[in-house]
Amino acid sequence: DQQVKQNSPSLSVQEGRISILNCDYTNSMFDYFLWYKKYPAEGPTFLISISSIKDKNEDGRFTVFLNKSAKHLSLHIVPSQPGDSAVYFCAASPFHKFYFGSGTKLNVKP
Amino acid sequence: GAGVSQTPSNKVTEKGKYVELRCDPISGHTALYWYRQSLGQGPEFLIYFQGTGAADDSGLPNDRFFAVRPEGSVSTLKIQRTERGDSAVYLCASSPTGAYQETQYFGPGTRLLVL
């Protein structure tokens, strides 16, 4: 029973354009959400997080949006760069246990 | 500063053997987590340590899996009588205190292959 879902296994975007990665969750107890980025043969690297008391958090080129009523979050990357090409995981937690989606592989084309 | 480190980076073993995977958390972090990532999936929670004690081991799949953290720093994940289905990347993460809404920082993982 997957409580966090990323329905797009892959996404291809042109350099300089916006990348939008989506994530849905089912558990209304989740109140902390994160995005991690993963390169091959490396562990996940923390990117950005958001608490359920907010609906938006921004850090440079990265913005996370949270829609609690729809149980949906998204990561926007503007502008996208070739170095952003990686697998992106969303995660959600009610406390110490993180639940991860299956990842979206982003390819940013030069 | 140094991040989370894990050894070995790769481990190949035969079905039925015993393996130990080691995790060195970020210095000073009291909270430590183990996750397992199967091919094409996201990481799945195994166990959470607060200091020396396992505060939540609800993710351990069965009693062949066991983890320790005797001095509140380094942790070892132990798998007895390995099965082919145990093949996965085992990830360790740490966080400063285990407090509410605290980011977890991951190591590079140990790739376990059971033949």
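Above this text you will find the structure in question.
The following paragraphs examine the structure supplied in this document. (Residues numbered from 1 in each chain as written. Chains lettered and ligands numbered in written order. Predicted model: local features only at pLDDT ≥ 70, side-chain atom pairs only at ≥ 80, totals over all residues. Heavy atoms only, no water.)

1. Section: the overall build of chain A
So, step 1. Of regular secondary structure, chain A possesses zero helices and 11 strands.
So, step 2. Order of helices (α) and strands (β) in chain A, N terminus to C terminus: β-β-β-β-β-β-β-β-β-β-β.
So, step 3. The C-alpha atoms of chain A give a radius of gyration of 13 Å, which matches the 13 Å a tight globule of 110 residues would have.
So, step 4. Expressed as lengths along the three principal axes of its C-alpha atoms, the size of chain A is roughly 40 × 30 × 20 Å.
So, step 5. A total of 110 residues make up chain A; the buried ones form 47% of that total.
So, step 6. For chain A, the distance from the average site of its 12 positive side-chain charges to the average site of its 9 negative ones is 3 Å. (Helix = DSSP H or I, 4+ residues; strand = E, 2+ residues; numbered from the N terminus. Rg over C-alpha atoms; globule rule 2.2 N^0.38 Å. Buried < 20%, exposed > 50% of the residue type's maximum accessible area, 1.4 Å probe, protein only. Lys, Arg positive; Asp, Glu negative; His and termini not counted. Charge placed at Lys NZ, Arg CZ, Asp CG, Glu CD.)

2. Quick notes on the sheet that holds strand β3 (residues 19-24) of chain B
All names here are of chain B.
So, step 1. Pairing is antiparallel across the open sheet formed by four strands, whose spatial order is β1-β3-β8-β7. Unpaired on one side and paired on the other, β1 (5-7) and β7 (65-68) mark the two borders of the sheet. Taken pair by pair, the neighbouring strands of this sheet meet at an average axis angle of 15 degrees, ignoring direction. (Pairing = 2+ DSSP bridges. Axes fitted to C-alpha atoms, helices over the stretch in contact; angles between N-to-C directions.)

3. Considerations on the interface of chain A and chain B
So, step 1. At the interface, 21 residues of chain A touch 24 residues of chain B.
So, step 2. Of the roughly 1800 Å² buried where chain A meets chain B, counting both sides, 57% is carbon and sulfur surface.
So, step 3. Viewed at the interface, chain B and chain A are joined by zero salt bridges.
So, step 4. Across the chain A-chain B interface, the total number found is 10 residue pairs in polar contact (both at pLDDT 80 or more).
So, step 5. A per-element tally of the side of chain A that touches chain B places strand β4 (residues 32-38) of chain A first, with four residues.
So, step 6. Looking at the side of chain A that touches chain B residue by residue, the class counts come to 11 nonpolar, six polar and four charged. (Contact = heavy atoms within 4.5 Å. Buried area = accessible area lost by both parts, 1.4 Å probe. Salt bridge = Lys/Arg side-chain N within 4 Å of Asp/Glu carboxyl O. Polar contact = N/O pair within 3.5 Å; in protein donor to acceptor, adjacent residues only side chain to side chain. Nonpolar A, V, L, I, M, F, W, Y, C, P; charged D, E, K, R; others polar.)

4. A few points about the layout of surface pockets
So, step 1. Each pocket or cavity is described by its volume, and for the largest pocket that value is around 560 Å³.
So, step 2. Residue lining of the largest pocket: 24 residues in total, with K38 and V87 of chain A together with Q37, L39 and G40 of chain B positioned closest to the centre.
So, step 3. Sorting the residues of the lining of the largest pocket by element identifies β9 (86-93) and β11 (104-109) of chain A together with β9 (88-95) of chain B as the ones contributing at least two each.
So, step 4. Looking at the lining of the largest pocket, the element that brings in the most residues is β11 of chain A, giving four residues.
So, step 5. Across the lining of the largest pocket, the residue classes break down as 11 nonpolar, 10 polar and three charged. (1 Å grid on protein atoms, 1.4 Å probe; cavity = no way out; pocket = protein on both sides within 12 Å on 5 of 7 lines; lining within 4 Å. Points joined across faces, edges and corners; volume = space filled by probe spheres on them.)

5. Observations concerning unusual backbone geometry
So, step 1. With an omega of -10 degrees, the peptide bond running from V78 of chain A to P79 of chain A counts as cis.
So, step 2. Within the fold, P79 of chain A resides in the loop between β8 (72-77) and β9.
So, step 3. A cis geometry characterises the amide bond from T7 of chain B onward to P8 of chain B, with omega recorded as -10 degrees.
So, step 4. Mapped onto the fold, P8 of chain B is located in the loop between β1 and β2 (10-13).

6. Brief notes about the pattern of salt bridges
So, step 1. The final tally for this structure, using the stated rule, is six salt bridges over all chains.
So, step 2. Among the ionic pairs, K56 of chain A bridges to E58 of chain A, the shortest N-O distance being 4.0 Å.
So, step 3. Of the residues examined, E58 of chain A reaches a relative accessible area of 51% and is grouped as exposed.
So, step 4. Ionic pairing is found between K78 of chain B and E20 of chain B, a salt bridge with its closest N-O pair at 4.0 Å. With K78 of chain B in strand β8 (residues 75-79) and E20 of chain B in strand β3, this pair connects stretches of sequence that are 58 residues apart.
So, step 5. A relative accessible area of 23% means that K78 of chain B is categorised as partly exposed.
So, step 6. The exposure class assigned to E20 of chain B is partly exposed, which follows from its relative accessible area of 42%.
So, step 7. Each of R64, E83 and D86 of chain B takes part in a single network of salt bridges with overlapping partners.

Treat this as a map of the structure, not an account of what it does.
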